[in-house]
Amino acid sequence: MPSAATADEVLAAYADKVDELKTRGGYTAADVIDVRPDTPGLDAMLARFSSEHWHDEDEVRFIVEGRGLFHISPPGGPVFAIEVEAGDLIRVPRGTHHWFDLCADRRIRAIRLFEQPSGWTPHYTESGVDRNFQPVCFGGSYFPREDLRSPA
Ligand SMILES: [Fe+2]
């Protein structure tokens, strides 16, 4: 998917998959979020994303471009991180405490799916737990190729 594609072109390119996810997950709407290093108000936006919060509905993202890091904080712990990149689909179930950071290139483009777009308001926990975890993105090159792994 070229960077120059419009949001409508992105949604059209993935229409079959989006429709399938809507049917399976009960989502009613989809849009495209496009975050770049020069996005106006980026630091304020990232500060909202990177504070621990939860939603009244699932947070569903299909990553089209760029990468990012979700931290998930289940009840009783432990906190774990999931790095997402183009081609990844993530669903953070409703009520799950989490936060999100961009990686160093500060770039992500993703299809978002909603049950009710108006209901997707973050509820901040104000726990401060997010400040205990440095967002570290490894990138795909961190993982050795299958044929370079030593036999078990
Ligand atoms: Fe969220």
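Structure first, text after, so check above.
This report concerns the structure included in the present document. Since we're looking at a predicted model, the values are computed, not measured.

## Structural notes on the overall build of the chain
Across its full length, the chain holds three helices and eight strands. Ordering the α and β elements of the chain from the N terminus gives α-α-β-α-β-β-β-β-β-β-β. When the 152 residues of the chain are sorted by exposure, 38% land in the buried category. Carbon and sulfur atoms form 54% of the exposed surface of the chain, whose accessible area is close to 8900 Å².

## What about the state of the cysteines?
Put plainly, two cysteines are in a disulfide when a covalent bond ties their sulfur atoms together. All told, the structure shown has one disulfide when counted by the stated rule. Shown here is the disulfide that connects Cys 103 with Cys 137, its sulfur atoms set 1.9 Å apart. Between Cys 103 and Cys 137, the S-S torsion sits near -80 degrees, and that sign places the bridge as left-handed. Highlighted residues: Cys 103 in the loop between strand S6 (97–102) and strand S7 (108–114) and Cys 137 in the segment after strand S8 (123–124), separated in sequence by 34 residues. You can call Cys 103 buried: its relative accessible area is 6%.

## Section: the layout of surface pockets
In this structure, the largest pocket spans a volume of roughly 290 Å³. Along the wall of the largest pocket there are 17 residues; nearest its centre are Ile 33, Phe 49, Glu 59, Arg 61 and Trp 120. If you list the elements that add at least two residues to the lining of the largest pocket, you get strand S1 (29–35), helix H3 (42–49), strand S3 (59–73) and S7. Looking at the lining of the largest pocket, the element that brings in the most residues is S3, giving four residues. The volume enclosed by the second largest pocket comes to roughly 160 Å³. The wall of the second largest pocket is formed by Leu 21, Arg 24, Gly 25, Tyr 27, Asp 58, Val 60, Leu 89 and Arg 91. Residue assignment for the lining of the second largest pocket shows that the elements contributing at least two residues are helix H2 (15–25) and strand S5 (89–92). If one sorts the elements of the lining of the second largest pocket by residue count, H2 sits on top with three residues. Looking at the lining of the second largest pocket residue by residue, the class counts come to four nonpolar, one polar and three charged.

## With respect to the packing of aromatic side chains
Overall, the coordinates contain four aromatic pairs when judged by the stated rule. Here a set of aromatic residues connected by ring pairs shows up, and it is made of Phe 49, Phe 70 and Phe 100.

## Thoughts on the coordination of the iron ion
Each protein donor to the iron ion is listed here as His 53 (NE2), His 55 (NE2), Glu 59 (OE) and His 98 (NE2); together their distances run 1.9 to 2.2 Å. Geometry at the iron ion is irregular, judged from its four donor atoms and the angles of 83 to 171 degrees they form at the metal. In terms of primary sequence, the donors binding the iron ion are separated according to H-x1-H-x3-E-x38-H. For the pair shown, His 55 and Glu 59 are each scored as buried.

## Section: H3
The set of residues buried in H3 consists of Leu 42, Met 45 and Leu 46. Viewed end-on, H3 has its buried residues packed into an arc of 95 degrees, placing them on one side of the element. The secondary structure elements touched by the buried residues of H3 are S1 and S6.

## Looking at the side chain of Arg 61
The topology assignment puts Arg 61 in strand S3. On the accessibility criterion, Arg 61 (6% relative accessible area) is buried. Ignoring any residue separated from it by four or fewer positions in sequence, one finds Arg 61 in contact with Phe 70, Asp 88, Leu 89, Ile 90, Ala 110, Ile 111, Arg 112, Leu 113 and Trp 120.

Cut-off values and rules
- Residues numbered from 1 in each chain as written.
- Predicted model: local features only at pLDDT ≥ 70, side-chain atom pairs only at ≥ 80, totals over all residues.
- Heavy atoms only, no water.
- Helix = DSSP H or I, 4+ residues; strand = E, 2+ residues; numbered from the N terminus.
- Buried < 20%, exposed > 50% of the residue type's maximum accessible area, 1.4 Å probe, protein only.
- Areas by Shrake-Rupley, 256 points an atom, 1.4 Å probe, with all protein chains shown as cover.
- Disulfide = S-S within 2.5 Å.
- 1 Å grid on protein atoms, 1.4 Å probe; cavity = no way out; pocket = protein on both sides within 12 Å on 5 of 7 lines; lining within 4 Å.
- Points joined across faces, edges and corners; volume = space filled by probe spheres on them.
- Nonpolar A, V, L, I, M, F, W, Y, C, P; charged D, E, K, R; others polar.
- Phe/Tyr/Trp six-rings, centres within 6.5 Å; stacked < 30°, edge-to-face > 60°.
- Donors = N, O, S within 2.8 Å, 3.2 Å for Na, K, Ca; no water.
- Tetrahedral: all angles 85-135°; square planar, octahedral: opposite > 155°, others 65-115°.
- Arc of directions from axis to C-beta.
- Contact = heavy atoms within 4.5 Å.

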